[in-house]
Amino acid sequence: MKYETDVIVVGAGNGGLTAANELARSGLKVILFEKHNLPGGVATSFVRGRFEFEASLHELCDVGTEENPGVVRKLFDKIGLDVDFINEMTLFRTVVKGVEGYDVSIKAGREEFERSMLECCPECGKSMKKLMKLLNSTQEALAYNDKKHGKPNKLVMLMRYSSFLISASHPLDDVLLSLGFEDKARSILETYWSYLGVPATDLNAFHYFEMLRGYVKAGAGVPRLRSYSISLGLAENNFKNGCDVRLNSEVTGFIFEDGKVIGVRVGDDEYYAKEVISNIIPHNVANLAGSENIKEKDKKLLNARKFGVSFLCIYLGMDLSVEELGLPYTTFVSSCLFPGESFLKTKYPEIYIVNCLNAVVEDATPSGTSSLFITVPVIPEYFMEGVTPENYREFKNEAALRYIKDCEETLGINVLDHIEEISVATPVTFARYFAAPDGTAYGYELSRWDGLMARMLDKINRFSYDRLTFCGGHGASGDGYGVTYLSGIEAAEKVISRLKKQELIEDIKQTVKNTVSGKRRKKEEN
Amino acid sequence: MEKISSKVKKIKLNAANFLKIVSNRKKKIDSAESVDVKPLSGYRPNAIASVIHPERQFVKVSEITAVTGSAKLIKLVPDKDRGTERLAPFAAGSCISVEVSIDGRTYHRPYSISSSPLEGYYEIIVKSANGGIVSNFLNDNVNAGDGFVISEPFGELTYEPLRDAKTVVGIAGGVGITPFRSFIKAISDGAENFDLILFYGIDNPSDIVLKDEFDRACSNPKIRVVYVMSGEGDVPDGFEKGFVTAELIKKYAPEGDYSVFACGPEAMYDFLEVELKKLGLRKKFIRFDYRGEPLRPKKLGDYIPASCESYKITVDDHRALTEITCGGDETLLKAMERNGIRTRTKCMSGICGYCHTKVSEGDYYMPGNRDGRRAADAVYGYIHPCCTFPRSDMVIKLP
């Protein structure tokens, strides 16, 4: 069968959901296709026994409080989505093993952040002042850039915002060195890199500062009912706005005409639209589109890019309370001060994050129990070497055991005797549910040449399918919950403005036609 | 990368680098090849995912053996002609959902896999049952060579070495023996490594399936089978009489920790809940298999009576609205099946969420012991129709 609509959105991940919502809100007819039976993509949860595990979210950056909302809360307010957030004002505890190691907790909030940094690194005062200034000037530079609609005066930028230009064009590690941070402070500040999947020596400093600002200034939030509640909330908004949400509906092809994307295939049906938005990664779109429909320069862009990291996730339902475990919400563990790229290029990277949801959402699990979530960034090429379908289960348990034991030793807790439920996700899990190539959880690697700043500045080397717009973690702004929600809105805004322009052109054409035919008629009448 | 010294080191950075960002990126992209990207199957995680989680599997019946007067062992092998080269690997204790078409209606029912993960085929044991449309069909109408579509293996009654004790006390009630046959075979051939003490509850000895096989398996010191006979009549030598009570478990269980795995009818689970409490086992050591569809909802502890004999259900499938009726003690899923509406279901026990569906209007009853929903599902009105009873007229929106 053939169907027609205004806009098709492919994939109901964070970006697809907000895109569809924005489009439907503007009065367009929208169909949102999702291959899975739930909306949300990685923003989901799952139940084992009496536990409901968060699948992927650690915390949403830049949520802020009701009185002092951050970007994410404002975004949800704007689209009329009520999410029950709990604020988390401890940024993290970070434990580095070894003789140079440390075990410190850093707080959110500008002053608290500075104070807790000074407490563990008394010598970093001067450098911290410089860092805070840099965070501010970055914000001012962005505001100036926005004011100039992305075309700032270069001289003004160089004179007034040179520190921004520096952070925007150097890796985080270099910038922190230039600010004079000694090793321990630098190591603590770099802790968050694993949230972006790019080691500090390759991570664009501006990108990191943007994230840090969101965590430090506004503060992070955790949804009381897991990220899945946000996904269902967005789906609900879509229903209300008249968007047709089709779950269990995998898009199996893109339909092209004269180089333009004019629709998609779902099973035996064809759906045509004026515009298509893809929440699915360009690599998969390329495979579905067929070689002949992809421009040479897009092929180059696809091949130039590397995928971002994937993860080993260990979900544990514990029959111990959070008090008995004695853990904060977030603990980073690493075996050295500066885990670099080579650190990930190994089977078992010695860096991971331990989250205990009950430290923020007290009643996330039944009384006397708690949930632990261990996240390890991995590169499948190394992590999954030698793994086959037959030994996969054994491999999963081996990997999980290794990190659980490390966790027990490093944090001095007893985990193994108290596991009531266990589930382990690997790159295979990401491949299974999201068809992510090589199980990437983070789209394309945001490293050096393809970092956030580079993607934002380079307006030319982007995927250039006519009438197809991308949103999601593989986009210019990179991965992360907040940015993917925003990416959907941005994609929708682009599409809406193009359609409006087109409508305007059609209108003018019609008017001209009417006038011409009117004149002709008059002539003929005469 | 320069080596970072342990001392504070100042380095100079250049703001002019900013001007090179775009040209650097362009250079990198220009130097890349303009070949097609490789298909998903070219990545190891994706290739493994497609083998262990196929969306569906095509199988053929290769053998049917009567194992009791009312139960048959059906052996399923990959149907290569329809594109299934190999069957997905599974952990002992898993099940598959079998799709069956009867009189133009499509049904899906879960069956535990009863063979070992190392055998390359799946065996299921199907017992004919009162009112069991699919079980009776599989018992009476299936011949060697028949083809079926089945799901990937799934389930939660699997042995997890990081969670479960080294010894499992298995409790099988009647045809609930099926996953335990898989465990026994898996321990025998080394696919699983734990000690199993299995209580096999039966009415009378003629209910026992594959006794020779179990007796042979018991030569392995890791396996012990204790027959527990509850029916009237003489109790054969070595059999226990009655039900699997706390006392009986104590008699056979080892010192220290052990896990209890149970599979059987609802009444057995209810009975065990009381008995296991007496043993003071931690929750982590108790695993019940899927409870299956709630056949006698009135007997459930939290039962909410229906005020009408049947209700009007409007089913929205994105294209049209279909009105059907659903009995007060009939699940929405069964009503849809009965009316020829294509449904998706796997566990039939309210747990796996495969049939996840939105309620637009109306009240319903989901038994607490079969409510595997996420917290937000209740907030936004989602149900698992396989275990949901209407309590008013309803409008539901298929995914």
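Refer to the structure above for everything that follows.
Residues numbered from 1 in each chain as written. Chains lettered and ligands numbered in written order. Predicted model: local features only at pLDDT ≥ 70, side-chain atom pairs only at ≥ 80, totals over all residues. Heavy atoms only, no water.

**What about the overall build of chain B?**
Then, number 1: A tally of helices and strands in chain B yields 9 helices and 19 strands.
Then, number 2: With the C-alpha coordinates of chain B rotated into their principal frame, the extents come out at 95 × 55 × 50 Å.
Then, number 3: When each of the 399 residues of chain B is scored for burial, the buried share is 53%.
Then, number 4: For chain B, the proportion of contacts with a sequence separation of at least 24, taken over those separated by at least 6, is 69%.
Then, number 5: Looking at chain B as shown, the accessible area adds up to about 18200 Å², and 48% of this sits on carbon and sulfur atoms.
Then, number 6: One way to put it: in chain B the 56 positive side-chain charges average out to a point 10 Å from where the 53 negative ones average out. (Helix = DSSP H or I, 4+ residues; strand = E, 2+ residues; numbered from the N terminus. Buried < 20%, exposed > 50% of the residue type's maximum accessible area, 1.4 Å probe, protein only. Contact = heavy atoms within 4.5 Å. Areas by Shrake-Rupley, 256 points an atom, 1.4 Å probe, with all protein chains shown as cover. Lys, Arg positive; Asp, Glu negative; His and termini not counted. Charge placed at Lys NZ, Arg CZ, Asp CG, Glu CD.)

**Here we look at the sheet that holds strand 14 (residues 275-278) of chain A**
All names here are of chain A.
Then, number 1: The parallel open sheet is built from 5 strands, whose spatial order is 10-3-2-14-20. Each having just a single partner strand, strand 10 (244-246) and strand 20 (468-470) make up the two edges of the open sheet. Mean inter-strand twist for the sheet, computed between neighbouring axes without regard to direction, equals 20 degrees.
Then, number 2: The sheet contact formed by strand 3 (residues 30-33) and strand 10 spans 3 bridges and is parallel. Note that in strand 10 the partner of phenylalanine 33 across the bridge is arginine 246. (Pairing = 2+ DSSP bridges. Axes fitted to C-alpha atoms, helices over the stretch in contact; angles between N-to-C directions.)

**With respect to the interface of chain A and chain B**
Then, number 1: With 103 residues of chain A at the interface, the matching set in chain B holds 73 residues.
Then, number 2: Taken together, the links from chain A to chain B amount to 11 salt bridges.
Then, number 3: Taken together, the connections running from chain A to chain B amount to 40 residue pairs in polar contact (both at pLDDT 80 or more).
Then, number 4: Residues belonging to the side of chain A that touches chain B are distributed by class as follows: 47 nonpolar, 23 polar and 33 charged. (Salt bridge = Lys/Arg side-chain N within 4 Å of Asp/Glu carboxyl O. Polar contact = N/O pair within 3.5 Å; in protein donor to acceptor, adjacent residues only side chain to side chain. Nonpolar A, V, L, I, M, F, W, Y, C, P; charged D, E, K, R; others polar.)

**As for the environment of glycine 263 of chain A**
Residue and element names in this part refer to chain A.
Then, number 1: Locating glycine 263 in the fold gives a position in strand 12 (residues 260-266).
Then, number 2: Along the sequence, glycine 263 and valine 387 sit 124 residues apart, while their C-alpha atoms lie 38 Å from each other.
Then, number 3: Not counting residues up to four positions away in its chain, the partners in contact with glycine 263 are Ile8, Gly253, Phe254, Ile255, Tyr271, Tyr272, Ala273 and Val276.

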